[in-house]
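# Descriptive structure summary
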Amino acid sequence: MVINVQATLPDDQRQAIGKAGLAALMTMARLRGTPSAKAMAAIRGVRDHLLHLDLALETLPDIDPEALAARVNGVNPDPQWRERILRGMTLVALFDGTPTQQQLDLLERTAQSLNVDPGPVRTFQQVMEHQSWLVRLDVARRGFIPQAFKAMWRQEGLSAALASARVLLGQEDRAMAERYRQLRSYPEGSFGLAYANFIDSNGFQFPGEHGGPPPPVMHHDCCHVLGGYGTTPAEEGAVLGFQAGFEKVDPFYLLMFALAEFELGIGASPFVPAGRGQLDVDRIFAGLEHGSHVSVDLLAGIDPWDHFAAPLEQVRQRFNVLPRGRAPEELPQA
């Protein structure tokens, strides 16, 4: 199921479902006793950035899956609200440290009571059982990478697909690389020059250059530029949250990409070494809220080359990319 992050509820329904959902997240966080700092950060992120509720989380009582299902269905039967709660509970459990059987049991019971797709629960079980290759497969199959490749194929056809194959084989594509290098001569303030500066200032390579990424990765890097996100692990988590706000894919697997790569040490990208405990949880949910205002899928819905010559601020206004409210943080260069 594709969850529309931009969908909204009438205020009374938002408050009722939000309160029930937050109680379910707190129930998950309390399974170990005192909730961990990162689990609480995730729940506050949902409350503050997605639900916008003024609610003291500590006052919420535990709720069992059957009562949760009855309360949510009684307010709105659309399954996506139940899907969101299960995904939220799964993320809280993953942020809470080493996965446990008790958490898995609660997730399985919740998925059954809510009558929703148990896909996130399977992913949690794969993490718990150290089936890293299955986690990577799920993330690769359901995340943003297939969308980026589809967009590249639609926009540039066979030539870009062959160029991607050459890059993945470690070969240069001089024509492609030169096309990207020409962005350095684009007008001051343009989107194209901002993208070129992002690549150069971070010590990256352009698509087509030796060691550079496949062309579809350019779409992700453009999200960095348009959204105003940097390249530290915390910022990479934030920009994936930003993408989850507007992409037409399941946001859970975009966030799982961030967790696998920067929090759980599993690794989801061949271009970035995996790390542990590197995410800023609030920044992820703030990014998701930021992306929810964007009027188009920036990854698969536009061809950046159609907009590179325009002023960056004009492109942001064109797609309703609002000011982020904080400066990007970049990795220090050696």
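The rules behind the values
- Along each chain, numbering runs from 1 in the same order as the chain's sequence is written.
- The predicted origin of the model limits local features to residues at a pLDDT of at least 70 and limits the giving and counting of side-chain atom pairs to 80 or more, whereas totals for whole chains, interfaces and linings rest on all residues.
- Side-chain calculation: all heavy atoms of the structure are included, whereas hydrogens and water are not.
- Helix and strand assignments come from DSSP, with helices taken as H or I runs of at least 4 residues and strands as E runs of at least 2, each series counted from the N terminus.
- Exposure categories follow from relative accessible area, calculated using a 1.4 Å probe and restricted to protein chains: below 20% of the type maximum is buried, above 50% is exposed, and the middle band is partly exposed.
- Each accessible area is a Shrake-Rupley estimate made with a 1.4 Å probe; only the visible protein chains count as cover when residues are assessed.
- Take the buried Ala, Val, Leu, Ile, Met, Phe, Trp, Tyr and Cys residues and link them wherever side-chain atoms come within 4.5 Å; each set so joined is a nonpolar core.
- Whether two residues are in contact is decided by their heavy atoms: any pair within 4.5 Å suffices.
- How far a helix is expected to stretch is found by multiplying one less than its residue total by 1.5 Å.
- Working definition: the arc comes from the directions between the helix axis and the C-beta atoms, pointing outward to the latter.
- Inter-axis angles, ranging from 0 to 180 degrees, are taken between N-to-C directions of lines fitted to C-alpha atoms, where helices are fitted over the stretch in contact.
- By convention the crossing between two helices is left-handed if the near helix lies anticlockwise of the far one by an angle smaller than a right angle, and right-handed if it lies clockwise.
- One side-chain nitrogen of Lys or Arg within 4 Å of one carboxyl oxygen of Asp or Glu is enough to make a salt bridge.

Bringing the overall build of the protein into the picture now. Scanning the protein for helices and strands turns up 16 helices and zero strands. Burial status across the protein gives 55% buried among its 334 residues. Accessible area for the protein stands at about 14,300 Å²; split by element, carbon and sulfur atoms hold 54% of it.

Leu22, Ile43, Leu68, Met89 and Val92 are the most contacted members of the largest nonpolar core, which totals 66 residues. When residues in this core are grouped by element, the largest group, ten residues, is from helix H14 (residues 251-262). Once you skip the residues sitting within four places of it in the chain, Ile43 turns out to touch Leu22, Leu25, Met26, Ala29, Leu57 and Val92. Core analysis: the second largest hydrophobic core is formed by 30 residues, Phe198, Phe206, Phe319 and Val321 among them.

Another point: helix H5 (residues 101-114). Owing to its 3.6 residues per turn, the α-helix brings residues three or four apart onto one side. When the terminal C-alpha atoms of H5 are compared, their 20 Å separation across 14 residues agrees well with the 20 Å that a helix rising 1.5 Å per residue should span. Those residues of H5 that fall on the buried side of the exposure criterion are Gln103, Leu104, Leu106, Leu107, Thr110, Ala111 and Leu114. Viewed along the axis of H5, the buried residues span an arc of 160 degrees, placing them on a single side of the element. Contacts from the buried residues of H5 go to helix H1 (11-29), helix H3 (65-75), helix H4 (79-95) and helix H6 (119-128). Where H5 ends, the next residue or the one after it, Asn115, has phi of about 60 degrees, a positive value.

Next up on the list: the packing of H3 against H5. A pair of packed helices can be characterised by two numbers: the angle between their axes and the separation between those axes. In the contact formed by H3 and H5, the axes pass within 8 Å of each other and the chain directions differ by 35 degrees. Between H3 and H5 lies a crossing of right-handed hand. Here Pro65, Glu66, Leu68 and Ala69 of H3 lie close against H5, whose contacting residues are Leu106, Arg109, Thr110, Ser113 and Leu114.

What follows is about the pattern of salt bridges. In this structure the tally under the stated criterion is 17 salt bridges. As a salt-bridge pair, Glu66 and Arg109 come within 2.8 Å of each other at their nearest N and O atoms. Linking Glu66 in helix H3 with Arg109 in helix H5, this pair joins segments that are 43 residues apart in sequence. Using a relative accessible area of 39% as the deciding quantity, one classes Arg109 as partly exposed. It is possible to trace a salt-bridge network through shared partners that takes in Glu235, Asp280, Arg283, Arg324, Arg326 and Glu329.

Turning to helix H2 (residues 37-51), a few remarks are in order. In a regular helix each residue adds 1.5 Å, so 15 residues correspond to 21 Å; H2 covers 20 Å between its end C-alpha atoms and thus fits that length. Directly beyond the C-terminal end of H2, a positive phi value near 55 degrees is found at His52.

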